[in-house]
Amino acid sequence: MGCGTGMVTLELADHFDECLGADIYPRSLSFAQANLQLSGRKNVAFVHSDLFANAEGKHDLIVFYPWAPAEDSLPLVARFLDQAPDALDPEGTIVLITGSDSHSGDQMVFDTVTKACVSHDLRGSREFMVSYRMAQNPRSIGTISAFVLRRDGRSPSHAGLSPVRTVMNKGYAAFLARRTMAAFLHNKR
Ligand SMILES: C[S@@+](CC[C@H](N)C(=O)[O-])C[C@H]1O[C@@H](n2cnc3c(N)ncnc32)[C@H](O)[C@@H]1O
């Protein structure tokens, strides 16, 4: 969900029979289509969709990384968490990746995810994926973390992912996909 230029979707496609990337922004989707053609993959489709409006079916793994700072993305995250459980296979996993530059923003995301877990019978764990120092305030630490959510009764344990530093480039997409797969496969066992 929110596939953008499709880099993470195309990385994840190695591990699944079929992958669907959805995004609300048509220009990103045209880049995703171009990247798909360049990749030569046959198991990926991209669709224009506001969250799950046109993303039909039940999915084994739903990944969403809204990217906006925590405070700004809360309504979108809440809407995503409201819709995603209905689009999830009973044995499926939701990976919600959120970034936060402040403790209060982080707490707000945490509260939003917790509330959604209670209303939708989801359980989960949280993996910190990246930590970084803020350029404008080096004493402040920003984080990117992944909430790994499954249906209640199939509670995942921690995948044991440790904080690392990285940069935003193609390597980053591969890195995100690898970490997502590690959390997904660990919680399937
Ligand atoms: C951080 S970017 C994702 C980048 C992507 N993972 C990649 O590899 O290029 C977040 C994406 O979410 C999309 N988005 C935001 N709101 C959305 C919505 N309501 N429905 C679908 N996609 C949305 C944005 O257009 C943007 O492409």
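Values in this document were obtained by computation on a predicted structure and should not be read as measured data.

*Asks:* Explain unusual backbone geometry here, please?
*Replies:* Negative phi values dominate among residues other than glycine, just as trans dominates among peptide bonds. The phi dihedral of Leu 51 falls on the positive side, at around 45°, and the residue is not glycine. With respect to the element layout, Leu 51 can be found in the loop between strand 2 (44-48) and strand 3 (59-64). For Asp 121, which is not glycine, the phi torsion reads 55° and is therefore positive.

*Asks:* Honestly, the site of the ligand in this entry has me stumped. Any pointers?
*Replies:* As a matter of local geometry, the ligand sits amid 20 residues, with Gly 2, Gly 4, Ile 24, Tyr 25 and Trp 67 nearest to it. Listing elements by their share of the shell around the ligand, those giving two or more residues are helix 1 (7-12) and strand 1 (19-23). Classifying every residue of the shell around the ligand by side-chain character gives 13 nonpolar, 5 polar and 2 charged. Two domains each provide a minimum of three residues to the shell around the ligand, namely domain 1 (1-56) and domain 2 (57-188).

*Asks:* What is the right way to look at helix 2 (residues 26-39) in this model?
*Replies:* An α-helical turn contains 3.6 residues, so any two residues separated by three or four positions project in the same direction. The terminal C-alpha atoms of helix 2 lie 20 Å apart, and with 14 residues this matches the ideal 20 Å at 1.5 Å per residue to within 8%. Every buried residue of helix 2 is listed here: Leu 29, Ala 32, Asn 35 and Leu 36. Seen from one end, helix 2 has its buried residues packed into an arc of 115°, which puts them on one side. Along helix 2, the residues that are exposed and aim more than 90 degrees away from the buried face are Arg 27, Ser 30, Ala 34, Gln 37 and Leu 38.

*Asks:* Just checking my understanding: could you explain the confidence of the model for the protein chain for this structure?
*Replies:* Low pLDDT means the predicted coordinates in that region are not meant to be read closely. Looking at the protein chain as a whole, the pLDDT averages 82, with 84% of positions reaching at least 70. Throughout residues 155-169 the model reports pLDDT below 50, and contacts reaching past four residues in sequence, or to other chains, amount to 29 contacts.

*Asks:* What should I look at first to understand the environment of Arg 150 in this one?
*Replies:* By secondary structure assignment, the location of Arg 150 is in strand 6 (residues 141-151). Sequence spacing of Arg 150 and Gly 124 is 26 residues, and the spatial spacing of their C-alpha atoms is 6.1 Å.

*Asks:* Just checking my understanding: could you explain the nonpolar core for this structure?
*Replies:* Within soluble globular proteins, side chains that are nonpolar generally end up buried alongside one another. Counting 42 residues, the largest nonpolar core has Ile 62, Val 63, Ile 94, Val 95, Leu 96 and Ala 146 as the members making the most contacts within it. Split by domain, this core shows at least three residues from each of two domains, domain 1 (1-56) and domain 2 (57-188).

*Asks:* Whenever I open this one, the environment of Gly 21 confuses me. Can you help?
*Replies:* Structurally, Gly 21 can be placed in strand 1. Judged by C-beta crowding, with 29 C-beta atoms within 10 Å, Gly 21 ranks as buried. In this structure, the C-alpha to C-alpha distance between Gly 21 and Val 63, residues 42 residues apart in sequence, is 9.6 Å. Ignoring any residue separated from it by four or fewer positions in sequence, one finds Gly 21 in contact with Cys 3, Gly 6, Thr 9, Ala 32, Val 44 and Phe 46.

*Asks:* Would you take a moment to explain the environment of Tyr 25 for this structure?
*Replies:* For Tyr 25, the location among the structural elements is in the loop between strand 1 and helix 2. Judged by local crowding, Tyr 25 falls into the partly exposed class, with 13 C-beta atoms found within 10 Å. Distance in space between the C-alpha atoms of Tyr 25 and Gly 2 is 8.6 Å, their sequence separation being 23 residues.

Parameters at a glance
Residues numbered from 1 in each chain as written. Predicted model: local features only at pLDDT ≥ 70, side-chain atom pairs only at ≥ 80, totals over all residues. Helix = DSSP H or I, 4+ residues; strand = E, 2+ residues; numbered from the N terminus. Near = placed C-beta within 6 Å. Nonpolar A, V, L, I, M, F, W, Y, C, P; charged D, E, K, R; others polar. Domains from an automatic or database assignment. Expected span 1.5 Å × (residues − 1). Buried ≥ 20, exposed ≤ 12 C-beta atoms within 10 Å, placed from the backbone. Arc of directions from axis to C-beta. pLDDT = per-residue confidence, 0-100. Contact = placed C-beta atoms within 7 Å. Core = buried A, V, L, I, M, F, W, Y, C linked by C-beta atoms within 7 Å.

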